[in-house]
Amino acid sequence: MEVQDQESLGRWDGLGSRDASSRNEAMENICQEIMRKVEDIKPIPPALSPSATGTPPNCDLNDILAHLLMLSKRCPFEDVKGQCIRLLQAVQDLGIRIPRPLGNGPSRFIPEKEILKVSKVDARTQSIFEDAFAALGRLDNISLVMGFHPQYLEGFLRTQHYLLQMDGPLSLHYRHYIGIMAAARHQCSYLVNLHVNDFLQVGGDPKWLKGLDEAPQKLQQLGELNKILAHRPWLLTKEHMERLLKAEEHSWSLAELIHAVVLLTHYHSLASFTFGCGITPEIHCDGGHTFRPPSLSQFCVCDIANGNGHINHHEDPLGNQEMCGEVEVLMERMKQLQECRDDEEASQEEMATRFEREKTESMLVVTAEEEECVPSRDISRHFEDPSYGYKDFSRRGEHVPTFRVQDYSWEDHGFSLVNRLYPDVGQMLDEKFQMAYNLTYNTMATHKDVDTSMLRRAIWNYIHCMFGIRYDDYDYGEINQLLDRSFKIYIKTMVCSPEKTTKRMYESFWRQFQHSEKVHVNLLLMEARMQAELLYALRAITRYMT
């Protein structure tokens, strides 16, 4: 979608007002503008009609109609939603082809009705959605899926808004460009497209979007950090930071570098969440709508090929019979582990051995059966060295060195460094980490009053273990008891190679659990990954400073 001019953007902005009369006035202006454009279109000869060519006329009008379609489906204000539906119908009645959504909602993995009913029953979620819409002019699919957990979503949106739009060391267009660079590392076209639009809206130079080599030297130099941080953060050294901080006329200040590191880690981990929840393109963006009439079957060939046409496992009674008792087995293991903890405590040597064993085993977990994903030119132009990615080091005789949290932790070291150089952000990140880690409804599937802290800790520590990060006081023997093989494959794929995550992987773990519980797992994976990357980057910066 082309970015509209500032005057046009102002009209859309009015729809985010909390005042109904202001929204109504903005809608009337939009309606008048659309009708003017419709009247300007001369009758189209049958041979050149949209149904004959598949390409609708008047691209500017089409962008506006696609935006209207998005509002008719996603706007949290019911009055705006209704007016957009009526306006689209009026345009269609005049003989103009209107767009329709592609796909089945915000996620390929979760039924649309489950996602959309959340805000209808929870006033807090509805209020958060309205605030997000007022700030951005859209309610994106990521926010809709995170809406299962409003207390987390609130902190997430506050942090992201601060990183992208509030006072900070980096200019606004630099922030969005860094978001594009980070998302592109994992071939996440969803996030790349969102930030390409945002980058242009805040005055970014379109030439930079031709490729990283067209961006300023200062941003190009960030490419190496982006690459290592995304795929092998344990290789980061103080020398990497020194090259950025002492690059003569293209050098970064410490505050700018902290801002850039937080943005890179935010978007690497958000790419994991995007793929892990099967987030679909926004309705008004490329891939989110079409002007073609619907085919006889709602599923295209690609949908059937990747399993999107199949009934969801969560609604498959045979699947539930097959996995009967999965939750009870997991709860029993948690109970037994708690009893073992109370009875005996392993020695420090045994605890260290168990960590090294789990770390080595995590290297041997295969992420996905597919061939290597080759990024498209559209995505790969935003980063360097496309072949560089996560590799199974143990197979080449390499290993991930152990990073002891006792020597450098987020709570004692990273938090204060971020807060000192980029005020308030350390606090926001800490609250977001804590919210994801401590979030609980004391339920597991249909069981209530369950203490899930042991399970949440096992998931968080397993991810950190894959990055070589060790907690001396944790018994890594618990991980194998609580996380089965299909779950480990999902975790490793989503954290290390998220672009390879499939619907089958999502459905194959925790088959008796609710979608909201799986989204909670994805929040844990996202935040644990972000913190792991941050620890390595902040330790390297600390070493440079001392």
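Cut-offs applied
- Residues numbered from 1 in each chain as written.
- Predicted model: local features only at pLDDT ≥ 70, side-chain atom pairs only at ≥ 80, totals over all residues.
- Heavy atoms only, no water.
- Helix = DSSP H or I, 4+ residues; strand = E, 2+ residues; numbered from the N terminus.
- Contact = heavy atoms within 4.5 Å.
- Areas by Shrake-Rupley, 256 points an atom, 1.4 Å probe, with all protein chains shown as cover.
- Buried < 20%, exposed > 50% of the residue type's maximum accessible area, 1.4 Å probe, protein only.
- Arc of directions from axis to C-beta.
- Polar contact = N/O pair within 3.5 Å; in protein donor to acceptor, adjacent residues only side chain to side chain.
- Disulfide = S-S within 2.5 Å.
- Core = buried A, V, L, I, M, F, W, Y, C linked by side-chain atoms within 4.5 Å.
- Expected span 1.5 Å × (residues − 1).
- pLDDT = per-residue confidence, 0-100.
- Phe/Tyr/Trp six-rings, centres within 6.5 Å; stacked < 30°, edge-to-face > 60°.
- Lys NZ or Arg CZ within 6 Å of the ring centre and 35° of its normal.

### Things to note about the overall build of the protein
Okay, so step 1: Each helix and strand counted, the protein has 27 helices and six strands in total.
Okay, so step 2: Taking contacts inside the protein between residues at least 6 apart in sequence as the whole, the part at least 24 apart equals 77%.
Okay, so step 3: As displayed, the protein offers around 24000 Å² of accessible surface, 50% of which is attributable to carbon and sulfur atoms.

### As for helix 21 (residues 410-421)
Okay, so step 1: Residues of helix 21 that are buried: Trp410, Gly414, Leu417, Val418 and Leu421. Buried residues of helix 21, viewed axially, fall in a sector of 105 degrees; they line one side. Summarising the geometry of helix 21, the exposed residues directed more than 90 degrees from the buried face are Asp412 and Arg420.
Okay, so step 2: Considering only its buried residues, helix 21 is in contact with helix 15 (254-276), helix 22 (425-438) and helix 27 (515-545).
Okay, so step 3: For helix 21, the N-terminal cap is Ser409; the gap from its side-chain oxygen to the backbone nitrogen of Asp412 is 3.0 Å.

### Here's the deal with the state of the cysteines
Okay, so step 1: Applying the stated criterion across every chain, the model contains zero disulfides.
Okay, so step 2: In this structure Cys31 is not part of a disulfide, and its nearest cysteine sulfur, from Cys84, lies 10.0 Å away.

### Re the nonpolar core
Okay, so step 1: The biggest cluster of nonpolar side chains holds 134 residues, and the ones touching the most others in it are Met146, Phe273 and Ile459.
Okay, so step 2: The dominant element in this core, judged by the number of residues it contributes, is helix 27, at 16 residues.
Okay, so step 3: Not counting the four nearest positions on each side in its chain, Ile459 is found in contact with Leu483, Phe487, Trp510, Val521, Leu524 and Leu525.
Okay, so step 4: Among the nonpolar cores identified, the runner-up in size contains 27 residues, and Met27, Met70, Cys75 and Ile98 belong to it.

### Details of helix 5 (residues 78-93)
Okay, so step 1: For helix 5, with 16 residues, the first-to-last C-alpha span of 23 Å sits near the 22 Å given by 1.5 Å per residue.
Okay, so step 2: Looking one or two places after helix 5, you find Gly95, whose phi comes out positive at around 90 degrees.

### Some details on the confidence of the model for the protein
Okay, so step 1: Predicted confidence across the protein gives a mean pLDDT of 84, with 82% of residues reaching 70 or more.
Okay, so step 2: Confidence drops under a pLDDT of 50 for residues 45-57, and excluding neighbours within four residues, the segment shows 16 contacts in the predicted structure.

### Here's the deal with the packing of aromatic side chains
Okay, so step 1: Inspection of the entire model under this criterion finds 23 aromatic pairs.
Okay, so step 2: Their ring planes at 65 degrees and their centres at 6.5 Å tell us that Tyr490 and Tyr506 sit as a pair that is edge-to-face. Here Tyr490, found in helix 25 (residues 485-496), pairs with Tyr506, found in helix 26 (residues 503-508); they are 16 residues apart in sequence, far enough to count as distant. Across the pair, Tyr506 and Tyr490 agree in class, each one buried.
Okay, so step 3: By way of ring pairs, the aromatic residues Phe109, Phe487, Tyr490, Tyr506, Phe509, Trp510 and Phe513 are connected into one cluster.
Okay, so step 4: We note Lys218 situated over the ring of Trp252; from NZ or CZ to the ring centre the distance is 5.1 Å.
Okay, so step 5: Lying over the aromatic face of Phe509, Lys518 brings its terminal NZ or CZ to 4.4 Å of the ring centre.

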